[in-house]
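Chain by chain, the residues run as shown.
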Amino acid sequence: MPLPIALTFFVFAFSTLANAWSPFAGKDIAEVALTPLELQKIKVAAGWAKGEDRPLILEVTNGLSGPIHCGAASVELNDGKKVNKTFIPKFSIPANASRSASMSVIKGSMKSYSLNCYCYKKADQNLCVSPTL
C-alpha cells in the first residue's frame, strides 16, 4: 500500500505547485475578449474538404499585430441542436498567420457557427501581446 499513498502525495504536491506557479505572475497581463475593431481583422472560413462529408474545418486568419488564441467553437445545426467543441489546449494564431481546427459536423447540417477567440494585453496597452513577454 505505500505506492498509492506516495502517488496521492505526488499528485497533491504537483497540483499545489501548478496552481502556485504562473508564467504571467507579476507581468500585469490579462486574457481579454477581442474588441469589435480587432474582430474585423480576424477572418474565419468554415467548410469541408472536397469530397468529404465531415469534419467541418475552421480556418482562422489573424490580421492583428499580436497573437490570439481560440478556445471553443459552437455550431448550430439546421434541426436546432448545437455542437460545441472546447480546444484543449487552446490553439494559438500568431500575428499575420492562419491556423485550422476541426469539429465533427456533417456537411449540409450547419445553420451557423461561432468561434471564441481572445488575446493577452498588458494593463496599460490596447495591443495584443505574447503572454511570454
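Further up the page is the structure itself.
Definitions and cut-offs
Every residue gets a number counted from 1 within its own chain, in the order that chain's sequence is written. Two thresholds apply to this predicted model, a pLDDT of at least 70 for residue-level local features and 80 or more for giving and counting side-chain atom pairs, whereas whole-chain, interface and lining totals are computed over all residues. Based on all heavy atoms of the structure, the side-chain values leave hydrogens and waters out of the count. The way it works is that DSSP assigns letters per residue, a run of H or I at least four long becomes a helix, a run of E at least two long becomes a strand, and they are numbered from the N terminus. Only when DSSP finds a minimum of two bridges between them are two strands counted as paired. Here, the term nonpolar core denotes a set of buried Ala, Val, Leu, Ile, Met, Phe, Trp, Tyr and Cys residues that are joined through side-chain atoms within 4.5 Å. For each residue, the accessible area found with a 1.4 Å probe, counting protein chains only, is set against the maximum for its type, and the residue is called buried under 20%, exposed over 50%, and partly exposed in between. Any two residues whose heavy atoms approach within 4.5 Å at even a single point are treated as in contact. Orientation is described by lines fitted to C-alpha atoms, with helices fitted over the stretch in contact, and by angles between N-to-C directions that extend from 0 to 180 degrees.

Generally, phi is negative for residues other than glycine and the peptide bonds are trans, each holding for most cases. In this structure, the amide linkage connecting arginine 54 to the following residue, proline 55, adopts the cis form with an omega of 0°. Each neighbour pair has its own omega, and for isoleucine 88 with proline 89 the value is -5°, a cis peptide bond. Residue position: proline 89 is located in strand E5 (residues 82–93). A positive phi is found at asparagine 96, a non-glycine position, where the angle reads about 55°.

A few words now on the pairing of E5. As defined by bridge partners, strand E4 (residues 68–77) adjoins E5 across eight bridges and the pair is classed as antiparallel. Looking across to E5, one finds that alanine 73 is bridged to lysine 85. Remark: four residues form the turn of the hairpin made by E4 and E5, two consecutive strands paired antiparallel; glycine 80 in that turn has positive phi of roughly 90°.

Moving on, we come to the nonpolar core. If you look at the biggest cluster of nonpolar residues, it comprises 21 residues, and the most contacted ones within it are Leu34, Val60, Ile68, Phe91, Met103 and Leu115. Taken together, the elements giving at least two residues each to this core come down to strand E3 (56–62), E4, E5, strand E6 (97–103) and strand E7 (110–122). Sort the elements by how many residues they give to this core and E4 lands first, with five residues. Leucine 34 has contacts with Leu39, Ile42, Leu64, Ile68, Cys117, Tyr118, Cys119 and Cys128, leaving out every residue within four places of it along the chain.

So, about the sheet that holds strand E2 (residues 42–47). With antiparallel pairing, three strands are arranged side by side in an open sheet as E2-E3-E6. The sheet is open, and its two borders are formed by E2 and E6, each paired with just one other strand. Here the strands of the sheet are splayed against their neighbours by 20° on average, with no regard to which way each runs. Both E2 and E3 contribute to a ladder of six bridges, which runs antiparallel.

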